[in-house]
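Here is how the chains run, residue by residue.
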Amino acid sequence: YDGFGPTLAAEKLGEDGYQVDHETLRRWLIQEGRWARQRKRGPYRKRRERREHFGELIQMDGSFHHWFGPDSSRACLINMIDDATGRKMSLMAEEETTEACMRALWAWIRQYGIPKALYTDRKNVFITDREPTLQEQLAGEEPKTAFGKACAKLGIEIIPANSPQAKGRVERTHGVDQDRLVKEFTLAGVTTIEAANELLSSGYQGRMNDKFAVKARSDDDYHRPVPKELNLAHVFCVEEERVVSNDWVVRYQKRMLQIEKDNRSLPKAGTKIIVQR
């Protein structure tokens, strides 16, 4: 456990049967000249109070890091953390893509339900600055990303943060993971994204929530159940408009998709339809 901080090292030693208080271990390491942490005082920022309800606001952000060791390529850990409780859920991906963020939110909804709002940065996965299309103008709609459209279908508000400090809780959990999780991966011999997600879901997230999550100030849960008639696969998708040809074929991503005759809502040739991927 060379290089482990006193708190994490004490936990790991305890798992090995060596019980030692982390403060005692800290003093021993300092005496041996093997531990010294210097905290830099940053600019003064007033602490924002936590929200009162579980599910009222979920902070979401990606953390790029060499998760599988200094010689590995960087990957992105997408963290979702409840503002009221600090309860979190994570997904490892190659990049902070629309698909990865959709999968992370989908997993959260399966576990807890539909949250009221997401607090994100201004990356183009979440927010777009493009001009509205004619169709959006006629409908009086604001331009949305594919992720934004999915959230709109679920009634989830996206609140963009103006600075990294505004997302303080999820930013701090990045720092904890970059210390603890890297060491967990090393101990478990994890070197792939698939193995990383298996470790995250098989115990690491639960232990972190047991250790760091707190009770919300209110007992009311702001998560909403998924309506029975709603298929989440029709929510977490990319939608594109295509025209049906005279032989009921739709061209999509260099493929031709045949609409079968017995389709229950057979569209007319020449009409526009939505393809969901």
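Residues numbered from 1 in each chain as written. Predicted model: local features only at pLDDT ≥ 70, side-chain atom pairs only at ≥ 80, totals over all residues. Heavy atoms only, no water.

Visitor: I keep staring at the overall build of the protein chain and nothing clicks. Help me out?
Guide: A count of helices and strands for the protein chain gives seven helices and nine strands. Across the 277 residues in the protein chain, those meeting the buried criterion constitute 40%. The long-range fraction of contacts in the protein chain, counting pairs at least 24 apart against all pairs at least 6 apart in sequence, stands at 65%. Carbon and sulfur atoms make up 48% of the accessible area of the protein chain, which totals about 17,500 Å². (Helix = DSSP H or I, 4+ residues; strand = E, 2+ residues; numbered from the N terminus. Buried < 20%, exposed > 50% of the residue type's maximum accessible area, 1.4 Å probe, protein only. Contact = heavy atoms within 4.5 Å. Areas by Shrake-Rupley, 256 points an atom, 1.4 Å probe, with all protein chains shown as cover.)

Visitor: What is the right way to look at the confidence of the model for the protein chain in this model?
Guide: Low-confidence regions, as indicated by low pLDDT, have predicted coordinates that should not be scrutinised in detail. Looking at the protein chain, the pLDDT average stands at 91 and 94% of residues meet or exceed 70. Here helix α4 (residues 134-139) stands out as the element of the protein chain with the lowest mean pLDDT, 82, in contrast to helix α3 (residues 98-112), whose mean of 97 is the highest. (pLDDT = per-residue confidence, 0-100.)

Visitor: Any chance you could explain the pairing of strand β2 (residues 75-82) here in plain terms?
Guide: The two faces of the sheet receive side chains in turn, since in a regular strand these alternate between them. Burial analysis of β2 places eight of its eight residues in the buried class, the great majority of the element. Bridge count between strand β1 (residues 58-65) and β2: eight bridges; the pairing is antiparallel. Paired with His 65 across the strands is Ala 75, a residue of β2. The sheet contact formed by β2 and strand β3 (residues 88-93) spans six bridges and is antiparallel. In the sheet register, Ile 81 faces β3, and the bridge partner there is Lys 88. Between β2 and β3, which pair antiparallel and follow one another directly, the connecting turn spans five residues, one of which, Gly 86, has a positive phi of 80°. (Pairing = 2+ DSSP bridges.)

Visitor: Even after reading the chapter, I still don't get the nonpolar core, so can you show me in this structure?
Guide: Burial of nonpolar side chains together is a common tendency in soluble globular proteins. Membership of the largest hydrophobic core comes to 29 residues, with the highest contact counts inside it found for Met 60, Leu 105, Leu 118, Phe 147 and Phe 236. Elements that contribute at least two residues to this core include exactly β1, β2, β3, α3 and α5 (146-154). Here the element with the most residues in this core is α3; it accounts for seven residues. Sequence-distant contacts of Phe 236, defined by excluding residues within four places in its chain, comprise Met 102, Leu 105, Trp 106, Ile 109, Ala 150 and Leu 154. Counting 15 residues, the second-largest nonpolar core is a separate cluster that includes Trp 67, Phe 68, Ala 75 and Met 92. (Core = buried A, V, L, I, M, F, W, Y, C linked by side-chain atoms within 4.5 Å.)

Visitor: Is there a simple way to think about helix α6 (residues 168-188) in this case?
Guide: Note: α-helices contain 3.6 residues per turn, so residues at a spacing of three or four share the same orientation. Between its first and last C-alpha atoms α6 spans 29 Å; for 21 residues at 1.5 Å apiece the expected length is 30 Å, and the two agree. At Asp 177, α6 is deflected by roughly 35°, the largest bend along its length. With its phi angle positive at about 70°, Gly 189 sits one or two positions after the end of α6. (Expected span 1.5 Å × (residues − 1). Bend = angle between axes of the 7 residues up to and from the residue.)

Visitor: Whenever I open this one, helix α2 (residues 22-31) confuses me. Can you help?
Guide: One side-chain oxygen at the N-terminal end of α2 lies 2.9 Å from the backbone nitrogen of Glu 23; it belongs to Asp 21. Once α2 ends, the next one or two residues include Gly 33, with phi positive near 70°. (Polar contact = N/O pair within 3.5 Å; in protein donor to acceptor, adjacent residues only side chain to side chain.)

Visitor: Would you explain the state of the cysteines in this entry?
Guide: Where two cysteines share a covalent bond between their sulfur atoms, that bond is called a disulfide. Applying the stated criterion across every chain, the model contains zero disulfides. Left without a disulfide partner, Cys 76 is nearest to the cysteine sulfur of Cys 101, which lies 7.3 Å away. Among the residues examined, Cys 76 registers a relative accessible area of 0% and is labelled buried. Free of any disulfide, Cys 237 has its nearest neighbouring cysteine sulfur in Cys 151, separated by 12 Å. (Disulfide = S-S within 2.5 Å.)

Visitor: I would appreciate a short explanation of the packing of α3 against α5 in the present structure.
Guide: The axes of two packed helices give the description: the angle between them and the distance between them. Contact geometry of α3 with α5 gives a least axis separation of 9 Å together with a crossing angle of 20°. Regarding the angle of α3 to α5, the classification is roughly parallel. Where α3 crosses over α5, the two elements pack in a sense that is right-handed. Of the residues in α5, those touching α3 at Thr 98, Cys 101, Met 102, Leu 105 and Ile 109 are Ala 146, Phe 147, Ala 150, Cys 151 and Leu 154. Along the lines of polarity and charge, the residues of the contact of α3 with α5 split into nine nonpolar, one polar and no charged. (Axes fitted to C-alpha atoms, helices over the stretch in contact; angles between N-to-C directions. Parallel < 35°, antiparallel > 145°, perpendicular 65-115°, else oblique. Left-handed = near helix turned anticlockwise from the far one by under 90°. Nonpolar A, V, L, I, M, F, W, Y, C, P; charged D, E, K, R; others polar.)

Visitor: I would appreciate a short explanation of the sheet that holds strand β5 (residues 157-160) in the present structure.
Guide: Here five strands make up an open sheet; going across it, the order is β3-β2-β1-β4-β5 and the pairing mixed. At either margin of the open sheet sits one strand with a lone partner, and together these are β3 and β5. Direction aside, the axes of adjacent strands within the sheet are offset by 25° on average. Inspection of the sheet shows strand β4 (residues 117-120) paired to β5 by four bridges, in the parallel sense. Looking at the pairing, Leu 118 lines up with Ile 158 of β5.

Visitor: Can you help me understand the packing of helix α1 (residues 6-15) against α6 in this one?
Guide: At a closest axis distance of 11 Å, the pairing of α1 and α6 adopts a crossing angle of 35°. As for how α1 packs across α6, the hand of that crossing is right-handed. Where α1 abuts α6, its residues Thr 7, Leu 8, Glu 11 and Lys 12 lie against Arg 180, Lys 183, Glu 184 and Leu 187.

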